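Okay, here's what each chain looks like letter by letter:
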Amino acid sequence: MSKVFVTGGTGYIGSHTVLELLRNGHEVVVMDNLSNSSAESLNRVKALTGISVPFYQADLLDKEAMSAIFAEHTFESVVHFAGLKAVGESVEKPLWYYKNNITGTLNLLEVMQENRVKNLVFSSSCTVYGEPDKVPISEDAPLSAVNPYGQTKLTIEYILRDLFQADQDWNMAILRYFNPVGADQSGTMGEDPNGIPNNLMPYVTQVAVGHLPYLRVFGNDYPTQDGTGIRDYIHVTDLALGHLKAIETLRLSPGLIRCNLGTGNGYSVLDVVKAFETASGVAIPYQFMPRRAGDAAAAYADPTLAETLLGWRAERDLEQMCKDSWKWQVNNPNGYS
Ligand code: NAD
Ligand code: UD1
């Protein structure tokens, strides 16, 4: 099997993808600057697979460090997760987000080009659809950015498009994730956000474990069945497996592809609360609050293209997502620390 370079491989989605790559016989090398993760995730990967993954603590902004890694290994493909992802922080520190995500990606692409490694899987986001005018969202929906984080994803998508137009030896899969949640079924790996979580599922699990008093539900006056926002939650293991399918697809039918990775099912905030309570047996107190700025009423994927192009479909349901999120949180109340 192939040797895969994974940037951001100690992070939430990256570490779960490393795990699935190893379980499926790939060789993996990880790079991360540990700005938003812990190398402990790779110890957990080792405990589950018996494999000690070569790890480089290095920064995308340090091109020489990346060149040195490419000099030591022959990679077939790169899966590029590394980047900053907090929407609110991106509004406060736009220059930092542009530099880290865009300059960082340009450095990676240059190093890949210099080493003639031209197979790339890139972590994009449903944020590139801005405020969607219809659901389900298919890949041909209009693109826009509503904050600097989203602008970095959109800009990188355009950079990849232009690079492919200039040199069709590149093979690229741009994967637009919907809302990743859940954890490996072992309960030993999961999402470990810094500070108070911004996203729904880690907030709910921290309420359940007693770290936070109650959930603030942002808005109960949306035009949805119960008034709360609707999203497409996808189990991180399904998402990880989508990357394996993308690597295979690039090998069999090269080119540039863009596709949604979502389940196609929309669930409201209260649906998630109820499913979590059932899965965990723990009550989640909540209070309705005003809408959060920039939130759409409903966003869920049309996942048809991923099935056609990649032969991939999400298999795990909301109950499994809640069970696995809970198992991780209850076994690791302080995350990896
Ligand atoms: P994460 O923060 O857990 O992982 C990202 C990793 O990148 C972290 O380990 C961080 O330390 C590392 N990193 C950041 N800047 C770096 C740099 N300059 N050099 C080296 N490493 C650097 O986040 P995640 O949830 O695993 O997200 C992975 C990717 O998927 C990101 O690109 C994110 O934007 C994208 N994405 C995430 C979501 C989501 O909701 N989690 C949704 C859509 C897209
Ligand atoms: C967030 C990001 C988005 C990214 C997406 C991918 C923001 C503003 N947007 O979107 O850029 O592409 O993740 O995963 O961060 N909610 C509550 N209470 C909370 C937290 C969330 O009610 O404490 C609600 C939200 O209003 C929303 C839903 O839960 O309706 C999901 O929120 P969240 O998990 O933050 O994801 P997104 O808003 O979809």
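For the structure itself, consult the block above.
Keep in mind that what you see is a predicted model, and the values were worked out from it rather than measured.

On to the nonpolar core, then. Counting residues in each nonpolar core, the largest one holds 37 residues, and the members touching the most others are Val18, Leu175 and Leu310. Listed by contribution, the elements that provide at least two residues to this core are strand 1 (3–7), helix 1 (12–23), strand 2 (27–32), helix 2 (40–49), strand 6 (171–177), helix 8 (236–252), strand 11 (256–261) and helix 10 (304–310). With residues near it in sequence (within four places) discarded, valine 18 still touches Val6, Gly9, Val28, Val30, Leu42, Val45 and Val53. Core analysis: the next-biggest nonpolar cluster, separate from the first, contains 29 residues, Ala58, Leu60, Trp170 and Leu256 among them.

Here we come to helix 2. Buried within helix 2 we find Ser41, Leu42, Arg44 and Val45. End-on, the buried residues of helix 2 take up no more than an arc of 150°, which puts them together on one face. Against helix 1, strand 2, strand 3 (55–57) and helix 11 (318–331) lie the buried residues of helix 2. Within two residues after helix 2, glycine 50 carries a phi angle of roughly 80°, on the positive side.

One pass over the structure, following the stated rule, counts 1 cavity of 30 Å³ or more. Taken as a whole, the largest cavity spans an internal volume of roughly 30 Å³. For the largest cavity, the full set of lining residues is Glu76, Ser77, Asn119, Ile247, Leu250 and Arg251. Ranked by residues supplied to the lining of the largest cavity, first place goes to helix 8 with 3 residues.

Let's shift gears to the packing of aromatic side chains. A complete count under the given rule lists 7 aromatic pairs for this structure. An aromatic cluster is built from Phe5, Phe70 and Phe75, whose rings are joined through pairwise contacts. The ring of tyrosine 222 has arginine 291 sitting right over it, with the charged end atom 4.1 Å from the ring centre.

Here is what the cut-offs are and how they apply
- Residues numbered from 1 in each chain as written.
- Chains lettered and ligands numbered in written order.
- Predicted model: local features only at pLDDT ≥ 70, side-chain atom pairs only at ≥ 80, totals over all residues.
- Heavy atoms only, no water.
- Core = buried A, V, L, I, M, F, W, Y, C linked by side-chain atoms within 4.5 Å.
- Buried < 20%, exposed > 50% of the residue type's maximum accessible area, 1.4 Å probe, protein only.
- Helix = DSSP H or I, 4+ residues; strand = E, 2+ residues; numbered from the N terminus.
- Contact = heavy atoms within 4.5 Å.
- Arc of directions from axis to C-beta.
- 1 Å grid on protein atoms, 1.4 Å probe; cavity = no way out; pocket = protein on both sides within 12 Å on 5 of 7 lines; lining within 4 Å.
- Points joined across faces, edges and corners; volume = space filled by probe spheres on them.
- Phe/Tyr/Trp six-rings, centres within 6.5 Å; stacked < 30°, edge-to-face > 60°.
- Lys NZ or Arg CZ within 6 Å of the ring centre and 35° of its normal.

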